[in-house]
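Structural features, examined
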Amino acid sequence: MAQKRPGMYRGDRRRKEDQRKAKQDAKRARKAERRESGTSGPEIEAAGTNGQGSKEFVWFSPSKARTLTTTTAATPTIEGVDDWTLVSDPRLNPDA
């Protein structure tokens, strides 16, 4: 004899669909409000304030699969690692 699942009934599917539609409508309303006011969303603003200073150079070593952040443009001198590649140069992107 097959048993019914207690949480699954016909109204449950309808309720979930209504919740999904309400969420989409709220999302559209927020998007329209941002478009009208000219502001950006929180995910865009948070990306700009990642705490990294504007004078930090990021170096990558493929042999060690390691990154290193320095405040000078000079190649890092670490024993055993001599294949540093400059990944991020703040002089090329002064707005960051």
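Everything below is about the structure shown above.
Everything quoted here is computed from the prediction, not taken from an experiment.

Thresholds, definitions, all that
- Residues numbered from 1 in each chain as written.
- Predicted model: local features only at pLDDT ≥ 70, side-chain atom pairs only at ≥ 80, totals over all residues.
- Heavy atoms only, no water.
- Helix = DSSP H or I, 4+ residues; strand = E, 2+ residues; numbered from the N terminus.
- Buried < 20%, exposed > 50% of the residue type's maximum accessible area, 1.4 Å probe, protein only.
- Contact = heavy atoms within 4.5 Å.
- Areas by Shrake-Rupley, 256 points an atom, 1.4 Å probe, with all protein chains shown as cover.
- Salt bridge = Lys/Arg side-chain N within 4 Å of Asp/Glu carboxyl O.
- Polar contact = N/O pair within 3.5 Å; in protein donor to acceptor, adjacent residues only side chain to side chain.
- Pairing = 2+ DSSP bridges.

The secondary structure content of the chain amounts to 2 helices and 3 strands. In sequence order, the secondary structure elements of the chain are arranged as α-α-β-β-β. Out of the 96 residues belonging to the chain, those deemed buried represent 12%. Across the chain, every contact between residues at least 6 apart in sequence was considered, and the portion connecting residues at least 24 apart equals 31%. When the accessible surface of the chain is split by element, carbon and sulfur atoms take 51% of a total near 8,500 Å².

Our focus in this paragraph is the pattern of salt bridges. If you walk through the whole model with that rule in mind, you get 4 salt bridges. Of the charged contacts in the structure, one is a salt bridge between Asp89 and Arg91, with a shortest N-O distance of 2.9 Å. Owing to a relative accessible area of 56%, Arg91 belongs among the exposed residues under this scheme.

What follows deals with the side chain of Ser61. With respect to the helices and strands, the residue Ser61 is situated in strand β1 (residues 57-61). Of note is the side chain of Ser61, whose polar atom sits 2.8 Å from the side chain of Asp83. With residues near it in sequence (within four places) discarded, Ser61 still touches Arg66, Val81, Asp83 and Trp84.

Take the pairing of β1 next. Counting buried positions over the 5 residues of β1 gives 4, a clear majority of the element. In this structure, β1 lies alongside strand β2 (residues 66-70), joined through 5 bridges in antiparallel fashion. Each bridged residue has a counterpart across the sheet, and for Ser61 the counterpart in β2 is Arg66. Joining the antiparallel neighbours β1 and β2 is a turn of 4 residues, in which Ala65 adopts a positive phi near 50 degrees. Across 3 bridges, β1 lies against strand β3 (residues 85-88) in antiparallel orientation. Residue pairing in the sheet places Trp59 in a bridge with Leu86 of β3.

On to the side chain of Asp12. Structurally, Asp12 can be placed in helix α1 (residues 10-37). A distance of 2.4 Å separates polar atoms of two side chains, one belonging to Asp12 and the other to Arg15.

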